[in-house]
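# Architecture and fold: a report
Okay, here's what each chain looks like letter by letter:
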Amino acid sequence: MTANLFSPLQVGALQLPNRIVMAPLTRGRAGAKRIPNGLMTEYYALRAEAGLIITEATQISEQGAGWDRSPGIHTDLQVKGWQTITEAVHRQGGRILLQLWHTGRASHPDFQPGGALPVSASAIAINGYSHTPNGKKPYVVPRPLELDEIPGVVQQYATATLRAQEAGFDGVEIHAANGYLIDQFLRDGTNQRTDAYGGSIANRARFLLEVTEAVVNVWSGDRVGVKLSPGSNVFNDMRDRDPKTTFAYVAQALNAFNLAYLHVQEPLPGHPWAAEGERCAPAIRAAFKGALMLGGGYDAELGEAAISNGEADLIAYGVPFIANPDLVQRFRLGTSLNPPDPDTFYTCGEKGYLDYPVLAKV
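Attention now goes to the pairing of strand β12 (residues 261–265). In the case of a regular strand, side chains alternate between the two sheet surfaces. Here β12 lies mainly inside the structure; five of its five residues are buried. Residues Tyr 261, His 263 and Gln 265 of β12 are buried on one face, and the alternating residues Leu 262 and Val 264, pointing to the opposite face, are buried as well. Examined bridge by bridge, strand β11 (residues 224–228) and β12 share four bridges and lie parallel to one another. Counterpart to Leu 228 in the pairing with β12 is Val 264. Between β12 and its parallel partner strand β13 (residues 292–295), the chain crosses via helix α7 (residues 281–287), and the hand of that crossover is right-handed.

In this structure, Arg 34 is a non-glycine residue whose phi angle is positive, near 60°. Mapped onto the secondary structure, Arg 34 falls in the loop between β3 (20–22) and α1 (38–45). For Arg 69, which is not a glycine, the phi torsion comes out positive at approximately 65°. With respect to the element layout, Arg 69 can be found in the loop between β4 (52–59) and α2 (76–91).

Below, the discussion takes up the pattern of salt bridges. Per the counting criterion, the structure on display carries 14 salt bridges. A salt bridge links Asp 195 to Arg 193; its shortest N-O distance comes to 2.8 Å. Take Arg 193: its relative accessible area is 10%, and that puts it in the buried class. For Glu 278, the salt bridge identified is with Lys 244, shortest N-O distance 2.9 Å. Taken together, the positions of Glu 278 in the loop between β12 and α7 and Lys 244 in helix α6 (residues 243–254) put the pair 34 residues apart, joining distant regions of the chain. The exposed category is assigned to Glu 278, whose relative accessible area is 57%.

As for its position among the elements, Glu 49 is in the loop between α1 and β4. Residues Glu 49 and Gln 156, 107 residues apart in the sequence, show an inter-C-alpha distance of 31 Å. For Glu 49, the contacting residues outside a window of four places in its chain are Asn 18, Val 328, Gln 329, Arg 332 and Lys 361. At 3.0 Å, the side chain of Glu 49 forms a polar contact with the side chain of Arg 332.

Cut-offs used in this document
- Residues numbered from 1 in each chain as written.
- Predicted model: local features only at pLDDT ≥ 70, side-chain atom pairs only at ≥ 80, totals over all residues.
- Heavy atoms only, no water.
- Buried < 20%, exposed > 50% of the residue type's maximum accessible area, 1.4 Å probe, protein only.
- Helix = DSSP H or I, 4+ residues; strand = E, 2+ residues; numbered from the N terminus.
- Pairing = 2+ DSSP bridges.
- Right-handed = clockwise from strand over helix to strand, strands pointing away.
- Salt bridge = Lys/Arg side-chain N within 4 Å of Asp/Glu carboxyl O.
- Contact = heavy atoms within 4.5 Å.
- Polar contact = N/O pair within 3.5 Å; in protein donor to acceptor, adjacent residues only side chain to side chain.

Okay, here's the thing in structure tokens:
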């Protein structure tokens, strides 16, 4: 039974027909100029039956880039490309939000204008390698953002939100997770600042709250979500000494903005990205007063249970949506799922992107 997954829900300004959300999924199909294209249009339109689609992470500026062939929202051509996608999704009856992304230290000079250093909260490099346009290279030590630069980066989020409106999106999600720029400010493993943006949890949360305020002022809280990924995480070399306290504080502070939802990616035990120790989601649930979305290794049964138990209001599905454009129909019918092909997650072209089989419509 998936009665709860298929119950409608008002999420901010949006009325969702079900609680099955397509999670943001970086796929790298936008080409060298990062312009959304016909492949992407078909890909998203095929998944419009989701209660809500959150796009792949989308760079808000050239400085924000850190992934080869990921899309942007900072040029007119990118806006036009996204407009074609939002129109296609809306024609299929869907709802789609743009995820706003600045990679921070998870970038490389090969991505940056003029070969500049990437920026972060502090001068701490990721232990690992970046897949740059010029091949696999070690991450570099980033340059800490100066105090007088921070308002300009906040403005990049606001400007990207305006462009998302122009492109016809139903709202935006602020990417504050997975070791990218905002997350680098939030966690004490990457933030060693001694100014107003470092030290205490309140100071480390300041950048996220300023970004959220700027985005909400451009649109409105009921069109905005925020994504967090609490806990230590091998992805992008992230850690925090007290994630439960850090992220409960953040969740409480975000109540001020009357957001459409809070999206928490905290992989379930057994998932490759699952953190050790106590889960943070219950503390976040207790602190946040709006709709809560959970993601990270859920299937239909686990998603149904999480909603039934009051742990979440929405469930985000990632890899299952890659391999099953008709995931909602498959969950409804209780049929088997296509297995994913990880070798094609980040390649070019249609293979592993548009060629997964779908069920006949019933």
